Structure formats: structure tokens, C-alpha cells
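# Secondary and tertiary structure notes
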Amino acid sequence: NAGVTQTPKFQVLKTGQSMTLQCAQDMNHNSMYWYRQDPGMGLRLIYYSASEGTTDKGEVPNGYNVSRLNKREFSLRLESAAPSQTSVYFCASSEVSSSGANVLTFGAGSRLTVL
Amino acid sequence: DAKTTQPPSMDCAEGRAANLPCNHSTISGNEYVYWYRQIHSQGPQYIIHGLKNNETNEMASLIITEDRKSSTLILPHATLRDTAVYYCIVRVNQAGTALIFGKGTTLSVSS
């Protein structure tokens, strides 16, 4: 029962480098999300995908791009990493119930350091 | 501008009930109350959610006031492993599809 799988778990980049964080879910959920969490802070929404083929900006989208590759996979790309993007990144997925409740399942996180 | 207000921190003795309050005075009639927790730096873990009625599952109980302006998460017999940050969430983004997190309550359970 893998749930939501994120890779890599840890990554160190130099300023200006690019990289892609991968996320895959095996629960057949329609919606997927990327959040970031800075030290001592709550989670902030970067981008989300309500369904396959759609993506939308969240609270802090600047400096990021996303791709909903298929129903299972949702990737987050940093084109030119900056030290301000040092953070822990969490991917999540969900399916809205018939009653309207939206319960998210989170991955274990990807810790990114930009030097 | 989170729609919830939680105390920054709380303490609880092991084996006692932990009662975590949350104020959400501007909640709309169709908005759910969700509770998650985050242990150390792990991914947030879903605990429970409710709309109007009190709810109970194997992890916790959720008590929502009749006017829905506040709620309480109850961990009936707290253990050291319940030490975590607990998030009460009612806010979603404009599209209604994503949960918006606040800063939560840090619960410290001690022996």
C-alpha cells in the first residue's frame, strides 16, 4: 500500500540549477497537490491539479512549474533554483467524496537545499 | 489570513485526554472542519473531519459546537507518540479543491 510516493527524498542544488520533483499516487485519486513547508511554518500550497489535464496556481507559485503527466503522476519543476526555495516539499492526492469532503493523503516529503 | 485560530502550544500528561481547541467563527454552512497532524518533519497525517455532527474514529473524536464556530479534537488517552503539530483546517482555496494550512498547535505529551 504505497499511497503517495515522492522522489528524491533529499536533494542539494546550487543556485541557478534546475530539477524536477516527482510524485506518484496509486489510489486512483483525481486531485493532486504540491505544498512547501519552511522551518517553523505551516504548509503553503504551490500548485494543484483538480483532475488529469488541469493545473492551477496556489498561494506561492512563483519560480515553479508543474506537469500532470497522467492520473498517477504530478511533477514539480524548479527551472532556476534560488536559496529562497530551500524547503521541504510535500505532494498530496485526494478524491472528493459524494458528501463534498476532501481528505488529502500526503507523501513523506522531499527536502531540498539550494546553496 | 487563515480562517482558524488555534493555541500555539499545549502540554498533556501521558495517559490523559488531550483536548485541542479550534475557533472558526467565519465558517460557511457547507465547509468541513478537518484535522491533520504532523509528527516531526513527516508528511501530514489525516485524523478526522466533520461537518455538523460529532465524529469519532479509531484515532480521535471531533466535537463541533452547535453554531459551528468552534470545535475540539479529543485524543482520549494521549501517548508520547502523539507529540506533534495539530492542524485544524476549514479554509480551502477559491476553487474549493485544496486545503489551506495555518500554523497549528504543537502538542507535547510527557510522561
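Figured I'd write up the structure that's included with this text. Model, not experiment: these values are computed from the prediction.

Take the packing of aromatic side chains next. To describe a pair of aromatic rings, you give the distance between the ring centres and the angle between the ring planes. For the structure shown, the criterion picks out ten aromatic pairs over all chains. For the pair Tyr32(B) and Tyr34(B), a centre-to-centre distance of 6.0 Å together with 40 degrees between the ring planes defines the contact as tilted. With respect to burial, Tyr32(B) and Tyr34(B) carry one shared label: buried. Relative to Phe101(B), the ring of Tyr87(B) has its centre 5.2 Å away and its plane inclined at 80 degrees; by these criteria the two rings are edge-to-face. Linking Tyr87(B) in strand S8 (residues 84–89) with Phe101(B) in the loop between S8 and strand S9 (105–110), this pair joins segments that are 14 residues apart in sequence. Just as Tyr87(B) is buried, Phe101(B) falls in that class too. An aromatic cluster of at least three residues, connected via ring pairs, comprises Tyr33(A), Tyr35(A), Phe106(A), Tyr36(B), Tyr46(B), Tyr87(B) and Phe101(B).

Another aspect to go through is the pairing of strand S3 (residues 33–38) of chain B. Note on strand geometry: in a regular strand, side chains alternate between the two faces of the sheet. All names here are of chain B. The element S3 is extensively covered by neighbouring structure, given that six of its six residues are classed as buried. Sheet analysis places S3 next to strand S4 (residues 45–50), joined by five bridges and oriented antiparallel. Its bridge partner being in S4, Trp 35 is matched across the sheet by Ile 48. What sits between S3 and S4 in their antiparallel hairpin is a turn of six residues, with His 40 showing a positive phi close to 50 degrees. Relative to S8, S3 runs antiparallel, the two being bridged by five bridges. Paired with Trp 35 across the two strands is Cys 88, which belongs to S8.

In this complex, chain A contributes 21 residues to the contact, which on the side of chain B involves 21 residues. For the pair chain A and chain B, the interface holds zero salt bridges. Between chain A and chain B we count six residue pairs in polar contact (both at pLDDT 80 or more) in total. Looking at the side of chain A that touches chain B, the elements that each hand over two or more residues are strand S4 (31–37), strand S5 (43–49) and strand S10 (102–106) of chain A.

What counts as what
- Residues numbered from 1 in each chain as written.
- Chains lettered and ligands numbered in written order.
- Predicted model: local features only at pLDDT ≥ 70, side-chain atom pairs only at ≥ 80, totals over all residues.
- Heavy atoms only, no water.
- Phe/Tyr/Trp six-rings, centres within 6.5 Å; stacked < 30°, edge-to-face > 60°.
- Buried < 20%, exposed > 50% of the residue type's maximum accessible area, 1.4 Å probe, protein only.
- Helix = DSSP H or I, 4+ residues; strand = E, 2+ residues; numbered from the N terminus.
- Pairing = 2+ DSSP bridges.
- Contact = heavy atoms within 4.5 Å.
- Salt bridge = Lys/Arg side-chain N within 4 Å of Asp/Glu carboxyl O.
- Polar contact = N/O pair within 3.5 Å; in protein donor to acceptor, adjacent residues only side chain to side chain.

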